[in-house]
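The lines below spell out each chain.
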Amino acid sequence: MLDVKNFDWEALLFGAGVIAAQIIGILVAFVLVRAIGKKLIDRFFDKLLVKGDVTKGRALTLQSLSENIFSYILIFILVTTVFNIFGLSVASLIAGAGIIGLAIGFGAQGLVSDVVTGFFLLLEKQLDVNDYVTVGSIDGIVEAVGLRTTKIRSFDGTLNYIPNRDIMTVSNHSRGNMRALVDIGISYDENIDEAMAVIQAACTHVATEDVGIVEGPDVIGVQAFGASDVTLRVIAKAKNGEQWAVERHLRKAIKEALDTNGIEIPFPHQVNIQKNGGSLES
Amino acid sequence: MLDVKNFDWEALLFGAGVIAAQIIGILVAFVLVRAIGKKLIDRFFDKLLVKGDVTKGRALTLQSLSENIFSYILIFILVTTVFNIFGLSVASLIAGAGIIGLAIGFGAQGLVSDVVTGFFLLLEKQLDVNDYVTVGSIDGIVEAVGLRTTKIRSFDGTLNYIPNRDIMTVSNHSRGNMRALVDIGISYDENIDEAMAVIQAACTHVATEDVGIVEGPDVIGVQAFGASDVTLRVIAKAKNGEQWAVERHLRKAIKEALDTNGIEIPFPHQVNIQKNGGSLES
Amino acid sequence: MLDVKNFDWEALLFGAGVIAAQIIGILVAFVLVRAIGKKLIDRFFDKLLVKGDVTKGRALTLQSLSENIFSYILIFILVTTVFNIFGLSVASLIAGAGIIGLAIGFGAQGLVSDVVTGFFLLLEKQLDVNDYVTVGSIDGIVEAVGLRTTKIRSFDGTLNYIPNRDIMTVSNHSRGNMRALVDIGISYDENIDEAMAVIQAACTHVATEDVGIVEGPDVIGVQAFGASDVTLRVIAKAKNGEQWAVERHLRKAIKEALDTNGIEIPFPHQVNIQKNGGSLES
Amino acid sequence: MLDVKNFDWEALLFGAGVIAAQIIGILVAFVLVRAIGKKLIDRFFDKLLVKGDVTKGRALTLQSLSENIFSYILIFILVTTVFNIFGLSVASLIAGAGIIGLAIGFGAQGLVSDVVTGFFLLLEKQLDVNDYVTVGSIDGIVEAVGLRTTKIRSFDGTLNYIPNRDIMTVSNHSRGNMRALVDIGISYDENIDEAMAVIQAACTHVATEDVGIVEGPDVIGVQAFGASDVTLRVIAKAKNGEQWAVERHLRKAIKEALDTNGIEIPFPHQVNIQKNGGSLES
Amino acid sequence: MLDVKNFDWEALLFGAGVIAAQIIGILVAFVLVRAIGKKLIDRFFDKLLVKGDVTKGRALTLQSLSENIFSYILIFILVTTVFNIFGLSVASLIAGAGIIGLAIGFGAQGLVSDVVTGFFLLLEKQLDVNDYVTVGSIDGIVEAVGLRTTKIRSFDGTLNYIPNRDIMTVSNHSRGNMRALVDIGISYDENIDEAMAVIQAACTHVATEDVGIVEGPDVIGVQAFGASDVTLRVIAKAKNGEQWAVERHLRKAIKEALDTNGIEIPFPHQVNIQKNGGSLES
Amino acid sequence: MLDVKNFDWEALLFGAGVIAAQIIGILVAFVLVRAIGKKLIDRFFDKLLVKGDVTKGRALTLQSLSENIFSYILIFILVTTVFNIFGLSVASLIAGAGIIGLAIGFGAQGLVSDVVTGFFLLLEKQLDVNDYVTVGSIDGIVEAVGLRTTKIRSFDGTLNYIPNRDIMTVSNHSRGNMRALVDIGISYDENIDEAMAVIQAACTHVATEDVGIVEGPDVIGVQAFGASDVTLRVIAKAKNGEQWAVERHLRKAIKEALDTNGIEIPFPHQVNIQKNGGSLES
Amino acid sequence: MLDVKNFDWEALLFGAGVIAAQIIGILVAFVLVRAIGKKLIDRFFDKLLVKGDVTKGRALTLQSLSENIFSYILIFILVTTVFNIFGLSVASLIAGAGIIGLAIGFGAQGLVSDVVTGFFLLLEKQLDVNDYVTVGSIDGIVEAVGLRTTKIRSFDGTLNYIPNRDIMTVSNHSRGNMRALVDIGISYDENIDEAMAVIQAACTHVATEDVGIVEGPDVIGVQAFGASDVTLRVIAKAKNGEQWAVERHLRKAIKEALDTNGIEIPFPHQVNIQKNGGSLES
């Protein structure tokens, strides 16, 4: 197969030079077209956003997707052209259906899944750029939805690349008001009605101060009997994204109200029974 | 394959203009038809609900499904028409059975599962809009049952998109009365009969007050010997959705009854044996 | 494919009217037949039950299954008839074996599994309506065994729909007498023989009172050395469904017997060694 | 496909009457043959057992299996005969190989696995009726080994139906003598040699009393350094099924021997260092 | 298919008698041949072992395997002969390749895996009879390695049957010397160098006494800072099977050496800070 | 198949000598070409880096990949040449499509997945050499991205080889600023506003000192009610890679600020209720 | 198929004798060739190692692999020859492609995976003999890398046989310097700067003594706020294999330095609040 001795080395070198020149030309063109294309896409979506026809998240999603598709098409053209230079036709390659069949079967199977899932993620608006979502064990802000992978930025700054096929259930935390929930444990010795009144008063005051609160907050009653405390639960509805601030606000206000009214948030309690019999000499 | 030099650029531009005009026309039509269609569906189900032939949850389920199917059909027509403009016939594409076969095999396999499962979810009425359900690890109120995905709103406000194929066992918490259960730990020193009588009296009083209670509540006896307490169990049957309120009501009433009667809910107990021998110089 | 301009709209509208009339007629018939059929099935099983040829659970199981099969056959006839109206023959559809093959392969695969498993569940009487069973993580009373899904009502009132294919090992708790088991921890200081005698006396007394007890209860000996107690075990055999009541009865009786005889159920113990050396200035 | 108008209703009704008569006759025959067959099988195995050629467990296993196979053959004949009445030949059905192929592929695949596994369970005598076994997470006494399912009765009375294909590793606890193991914690202050001598004496005494003990019991030494105790281990070999009784016997005897000899089984210990500095005003 | 009326019952009964006689004859022959064959195999391996050409474990392994293969061949002959009596030829059955193909595909797939894995287990000497091994979650002494299943006897006496296909990683604990490891916690107040010297002296003494020790034991240093103690680690190399006895021996010797030298093995420590302020009236 | 007797041993030996000489020559050439090729690749990327056209991580990634591809091509040529010497043509081997099909199906399936995934890892820049990433349970610095495996160096010095196919979600921690987060528990007795002011002052001071901080640090409020403390949370944005140093810096500064201002970081609290009743004689 | 009566027993016996003689001859030859071959391989690698062209681990790896391949080839020849004696040609067996296809599909599938993975383990030098590696849940020293299985010796002496196909991510701990890490908890009352200075001094001293240290050790700061202590972290870089000794050395030195400077390593702390109110009569 490889006849090393009778090889025409000169022809090889000359041909290599020609091919190299062609490839360099194509690469330069590729880089230019890609830069220009990206700018045009960006400008288009900037205008779209100014006109206000779509929400910002949706615009960003479509923009990142458009650039994604644009890149893949360019790469496909690049590969095809380079193959042509080497005298290989992609069409004839694809025609070799047996090989393609195997390739699809083994390697590309996942790609098709990625693209199909990605298509439905967008069509059903499960994910938009800037949404706060949970996908499997990843939790963060969507940075881009691509044909093959979705990028999610965790709150600690990590950027996660998730193949679309691995996206099953999407939990989207940016689709309406969110609940703020605070549990407070009061002593078994306290009067429950009094404690609930004090907490409700604090909650009502917070509601007037905090514009992030949409509904409530309300003390809904005795949620559980703890080992050392009676747990009362407070629930409010907060604007999307404000739920944590509202919870922190409520915690501080309730703590201060309980302190003011002398209602104890109890530490763990234990009843100790002393034994000190003389028979234990050790 | 891509003869870059001898390309007829003029014809391309002109053709592109014509095609663009056609596509814009189709898109406008698509947006109009979609808006009108949705309104008609909404009006139809509003009337249906007024007549009272179906339950509200069922009506909402069918409405969300109808809009879902309507959308997919419109998109299919849209794609077909656009393909026609480019001279591609979907029929001939489908006829290329080998390719379609592979596509179904790899990409669409999941879609078929989604649709079949979705169909049985509806036929067997496992899920209705506004039901409170648990599906796998997701827990919340059903917001829509679609052909491909089911949307469930968690109690914290998160909207979960679950592909139908991932829905195995459905636990529907909106299919009849629910149990309210309260466990109370009393001291090992208390008389069990007396404690049970006090708790039963409190329960019976709650039953007269709380319209959410359907049956009971009853003290059923000594459920367990805890490390520091004897656990008594109270069980009631509550109207669907009222179980948590009933439990909270019962907890408050029982706590107050025990306080009034001087029956202790004990803290964790420990017997301490003091050793202080002189031989431990360290 | 879709020639929008030269479409014969009149013919379409007229045809649609005819078809609509036919469909409405069929739907009315469908509703009537279904209601009558269900009533006949109910009456048949009521009579069967009165004659007492089968157990009640078995009769309920077969009744729910019969209605299930009846429904699926009706729906199949309905779909076939509607398809006929549109000029589609189900037979010719099925003849298109390639497509059917794919459909079975991807979508219906699960259905066949459901039906085969359901068939054996019934044939081998693994499940009867009103049995208390555990299937996977679901635990409750069987409400219906269908061809495709089994419905189990949890004790908290939730209704669980389990596809039959997901039913592997069935643990049926309604197939004979059940064991009642109570573990009691006594102090390391107590005489074991004396404690066992006291507990056995209490057990023997319970046995005379509680008709739910079939065998025992017997104190079988020292089951374990706990951190702070010596664990004694009591075992009884109870009538099916009475095991929890028997356990509660036994717990109460044993607790009272131990109190009467001054035998302690110990709290957790700890030996504290005090160190208070002057060298620890911090 | 369904020509509702021109249907010959009379012929249908008459034919239905004939068929109904035939089916009733067959069902009666089926019930009779089944009852007689079962009795014959029972009588055959009773005699076999009396002659004592096989162990009792083995006889029960083969008996339950024989009845199982007998039932399936009867059902197959029943179904075949009923099909014949309707003019359907099972042979021709099977000849329709394509459909059968699919059916085997999807539905019956598990059945073949069940039967093959069941066959080897019996051939290799992994399970006999009345053996105490652990299969996966199920633990109990084998009640029947069938072609498709194995029934295991848990100690709490639950009857578990396990499809044979789900039986992987079988842990059979009825195949020879069993180990009895008791761990005793003694105080760090005790002399280990003395404690071991006391325990060994108690063990030797138990060995003379308890006929369930085959070998030992022996104190094998210091098994571990616990947080508050030095753990000594006692091991014995007991007759199959007697291991728990032996362990309970040993625990009681060792506890009493240690009490008699004043050797402490220590409670959890903790060294407390008191700090009470004046700078802690809170 | 089953013409019940015109059946020649006499011929059937006569034929059945002849067949029954034949089967009985074959079964008797089968039982005899099996008993004789087993004896011959046993005798052969006994002699082999006496000559000492192979290790004992290896001989036992090959013996159990030989009997296993012998059994399967006998059963195959038995089944073939019985089939012949009924006029069925196994060869013609196998020739029905389609059916065999399906059977192999679904039922026998696991058998082939079992045999292939079993073959390599033996060829690579991963398991020998009497080896102490861990396979998955099963832990014990190998009792037999068969073509289809491996039997492992747990230390508590249970006999585990593991299908060879489920044997992945084999951890063989009978392949060379084993490590004995003892961790001792000493008080934070002790001098580490002194404690290490005392422990090392005890270890060196044990090494002279215990013939199971091959190397060491050595105190290797401070392994960890515990909550209440400084953990020192002792490591030794022991003869295979002696590691537990060596560890128990070391524990006892080290405990006694520490006691003699007044070095404390500390109980859990806790610093208690007392607060008893007058403002806590509850 | 193997005619041992009539074998021409002389010819074999002579031929073997010739072949051996050829193979040695090829191996020498292989080693030389590999060494030269690697040097050329290294030099090329060194220059590329000096010019500064690409980031350092990207250059290293492409360099390691180039050497990887170069190696595989050399090995392929080597194998082909050696096969030629033995008179085997790789082309004809591949032409034996059936065998190749099986080989791809079973052995090489994973290789194709590895290469496809590796290709996209690089194309989408999910991983660069020197990035700090988490892939599954492996966490560390990327050392090389190859066609088949990716090498990640854990922080403890371990080098992990991950087949590309096992790389699902990539969490890249080197893609922008990172969050620094410190939780501080203060006593329930402290004034929350005062404590927050003290901590904020300490944070602001750290911000002026530590150049690793990009934004913040800010005290965001009461994050939780602990068992013995009120948890306050501080969040900052740090330069990539500086987040741990910033957190350590913040922890030290906040601890010292709280000490200075007499604000307590509380130990676990417990309320002890003493019981010492005379009735407890044991 | 098996005509038992007319069987020519004499011919059988005679033929069996001839065959037995042949097989014995072949087995003797096999044993001899195997012993000689192994010796030659060993000698070859011994020389290779003396010349020092390859690292020792690499030489051992290739040696164990060579013997492995040599064994499999011998066994293949043995089996082929024995088959020939019985008149079976392996070639003709393989020609029966259908059966071979099935065999490969079901039984040998895993073998191909084993060999392919094993090939890449060696080619990419992921494992060498004597490397300390973690593969899945197995952790130890590589003893041999074969074509089918890899042997890893655990530190406790167990020899693990892992099929190559089960080797996914390889964590090789013998590929460069390793990190030594020691966490020390100091009291909340200590001055952090002072404690860090004391620990750093101890570390610097250890660095001069311990030749296993390559870099550091350095105190990097406050790693965490514990429940009762402030955790400081020390990190060093140690020579491969020396990391544990370095850590033990550091722990001892730091402990002694802290003792000398009177800095406390605190025990768990707890604040106890005493309640002894007269109202608690129980």
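Please refer to the structure higher up on the page.
In this report, we go over the structure that sits alongside the text. Sequence order as written defines the numbering, with residues in each chain counted from 1. By the order in which they are written, chains take letters starting at A while ligands take numbers starting at 1. Totals for whole chains, interfaces and linings use all residues, but because this is a predicted model, local features are given only for residues with pLDDT of at least 70 and pairs of side-chain atoms are given and counted only at 80 or more. Side-chain figures throughout are based on the complete set of non-hydrogen atoms in the structure, without hydrogens or water.

Structural notes on the sheet that holds strand β8 (residues 230-238) of chain G
What counts is decided by this rule: Pairs of strands are assigned from DSSP output, requiring at least two bridges between the strands. Numbering goes from the N terminus for both helices and strands, where a helix is a DSSP run of H or I of at least four residues and a strand is a run of E of at least two. A fitted line through C-alpha atoms serves as each axis, taken over the contacting stretch for helices, and the angle formed by two N-to-C directions is quoted from 0 to 180°. Throughout, a contact is declared for two residues whenever any of their heavy atoms are within 4.5 Å.
Strand order across the open sheet formed by 3 strands is β6-β8-β7 (chain G), with antiparallel pairing between neighbours. Of all strands in the sheet, those bounded by a partner on one side alone are β6 (178-186) and β7 (213-225) of chain G. Direction aside, the axes of adjacent strands within the sheet are offset by 20° on average. Relative to β8(G), β7(G) runs antiparallel, the two being bridged by 8 bridges. When the sheet's bridge partners are listed, G:I213 is paired in β8(G) with G:A238. Sitting on the sheet, helix α6 (residues 243-260) of chain F is in contact with β7 and β8 of chain G, with an inclination near 50° to β7(G).

Description of the sheet that holds strand β6 (residues 178-187) of chain C
Residues and elements named next belong to chain C. In spatial order, the strands read β6-β8-β7; together these 3 strands make up an open sheet with antiparallel pairing. Edge strands, defined here as strands with exactly one partner in the open sheet, are β6 and β7 (213-225). For this sheet, the mean inter-axis angle between neighbouring strands, taken without regard to orientation, is 20°. Relative to strand β8 (residues 229-238), β6 runs antiparallel, the two being bridged by 10 bridges.

Describing the interface of chain B and chain A
Selection rule: The term buried area denotes the loss of accessible surface (1.4 Å probe radius) that occurs when two parts are joined, taken as the sum for both partners. Should a side-chain nitrogen of Lys or Arg be within 4 Å of a carboxyl oxygen of Asp or Glu, the pair is scored as a salt bridge. Contacts described as polar in this section are N or O atom pairs within 3.5 Å, which, within protein, must combine one atom able to donate a hydrogen with one able to accept it, while residues neighboring in sequence count only if both atoms come from side chains. For this classification, Asp, Glu, Lys and Arg are treated as charged, while Ala, Val, Leu, Ile, Met, Phe, Trp, Tyr, Cys and Pro are nonpolar and the rest, including Gly, are polar.
Taken together, the 41 residues of chain B in the interface contact 49 residues of chain A. Overall, the association of chain B and chain A removes approximately 4,300 Å² of surface from exposure, summing both partners, and the carbon and sulfur fraction of that is 60%. Counting every contact that joins chain B to chain A gives 2 salt bridges. The shortest N-O distance in the salt bridge between A:D193 and B:K252 comes to 2.7 Å. Linking chain B to chain A there are 21 residue pairs in polar contact (both at pLDDT 80 or more). At the level of secondary structure, the elements contributing two or more residues to the side of chain B that touches chain A comprise α2 (56-85), α4 (97-123), β3 (149-154), β4 (159-163), β6 (178-187), α6 (243-260) and β9 (269-275) of chain B. Of the residues that constitute the side of chain B that touches chain A, the class distribution is 20 nonpolar, 9 polar and 12 charged. By the bridge criterion, 5 bridges tie strand β9 (residues 269-275) of chain A to β9(B) in an arrangement that is parallel. Bridge pairing in β9(B) places A:K275 opposite B:I273.

Details of helix α6 (residues 243-260) of chain C
All names here are of chain C. Let me state the cut-off plainly: What a helix is expected to span follows from its residue count: subtract one and scale by 1.5 Å. The buried label goes to any residue with under 20% of its type's maximum accessible area, the exposed label to any with over 50%, and the partly exposed label to all in between, with areas taken from a 1.4 Å probe on protein chains only.
Under the 1.5 Å per step criterion, the end-to-end length of α6 is 26 Å for 18 residues, consistent within 8% with the ideal 26 Å. Along α6, the positions that sit buried rather than exposed are Q243, V246, E247, R248, L250, R251, K252, A253, I254, K255, A257 and L258. Two residues or fewer past α6, G262 is found with a positive phi of approximately 65°.

Observations regarding the pairing of strand β8 (residues 230-238) of chain A
Within a regular strand, side chains alternate between the sheet's two faces. Residue and element names in this part refer to chain A. For β8, the tally of buried residues reaches 7 of 9 residues, placing the bulk of the element in the interior. Where strand β6 (residues 178-186) lies against β8, 9 bridges are found, and the strand directions are antiparallel. Looking at β8, one finds that M178 is bridged to A238. Once strand β7 (residues 213-225) ends, the chain turns through 4 residues before running back antiparallel as β8.

Remarks on the side chain of B:Q270
As for its placement among the helices and strands, B:Q270 is situated in strand β9. In this structure the side chain of B:Q270 is engaged in a polar contact, spanning 3.0 Å, whose partner is the side chain of C:Q270. Leave out the neighbours within four places in its chain, and B:Q270 touches A:Q270, A:V271, A:N272, A:I273, C:P268 and C:Q270.

So, the relation of the copies chain D and chain C
Our working rule: The least-squares superposition of copies is restricted to C-alpha atoms, and to residues with a pLDDT of at least 70 in both copies.
Mapping chain D onto chain C is achieved by rotating through 51° and translating by 0.0 Å along the same axis, at an RMSD of 0.1 Å. Both copies present different contact surfaces, since only 17% of the interface residues of chain D are interface residues in chain C too.

Concerning a nonpolar patch on the surface
To be explicit about the condition: Like charges are joined within 9 Å and nonpolar side chains (Val, Leu, Ile, Met, Phe, Trp, Tyr) within 5 Å, but only among residues with over 30% relative accessible area and no salt bridge; these make up the patches. Only the protein chains shown count as cover for residues, with accessible areas throughout obtained via the Shrake-Rupley method and a probe of 1.4 Å.
Taken together, the side chains of B:I24, B:V28, B:L32, B:V33, B:I36 and B:L40 define a hydrophobic patch exposed on the protein surface, amounting to about 570 Å² of accessible area. Here B:V33 lies in helix α1 (residues 9-51).

Section: the pairing of strand β7 (residues 213-225) of chain B
The sheet contact formed by β7(B) and strand β8 (residues 229-238) of chain B spans 8 bridges and is antiparallel. For B:G221, the partnering residue across the bridge sits in β8(B) and is B:R233.

Structural notes on the pattern of salt bridges
Counted according to the given criterion, the structure contains 70 salt bridges over all chains. In this structure, the salt-bridge partner of D:R148 is D:D114, at a minimum N-O distance of 3.1 Å. Placement of the pair is D:R148 in the loop between β2 (138-145) and β3 (149-154) and D:D114 in helix α4 (residues 97-123), with a sequence separation of 34 residues. Here D:D114 falls in the buried class, since its relative accessible area comes to 0%. Linking G:K252 and G:E256 is a salt bridge whose minimum nitrogen-to-oxygen distance equals 3.6 Å. A residue pair is termed a helical-turn pair when its members lie 3 or 4 positions apart in one helix, as G:K252 and G:E256 do in helix α6 (residues 243-260) at 4 residues.

Side note on the interface of chain D and chain C
Listed per partner, the contact involves 41 residues of chain D and 49 residues of chain C. Taking both sides of the interface into account, the surface hidden between chain D and chain C amounts to around 4,300 Å²; carbon and sulfur atoms contribute 59%. Salt-bridge contacts for C:E124 lead to D:R148; the nearest nitrogen and oxygen are separated by 3.1 Å. Counting the contacts that link chain D with chain C gives 21 residue pairs in polar contact (both at pLDDT 80 or more). Of all the elements in the fold, those that place two or more residues in the side of chain D that touches chain C are α2 (56-85), α4, β3, β4 (159-163), β6 (178-186), α6 (243-260) and β9 (269-275) of chain D. When residues in the side of chain D that touches chain C are grouped by element, the largest group, 7 residues, is from β9(D). Looking at the side of chain D that touches chain C residue by residue, the classes come out as 20 nonpolar, 9 polar and 12 charged.

Section: the relation of the copies chain B and chain A
Rotating chain B by 52° about the axis while translating it 0.0 Å along that axis superimposes it on chain A, leaving an RMSD of 0.1 Å. Comparing interface residues between copies, only 17% of those in chain B also sit at the interface in chain A, which points to a heterologous contact through distinct surfaces.

What to know about the environment of G:L250
Residues and elements named next belong to chain G. On the secondary structure map, L250 appears in helix α6. On the accessibility criterion, L250 (0% relative accessible area) is buried. C-alpha of L250 to C-alpha of Q63: the two residues are 187 residues apart in sequence and 39 Å apart in space. Excluding residues within four positions of it along the chain, L250 makes contact with V182, C203, V206, P217 and V234.

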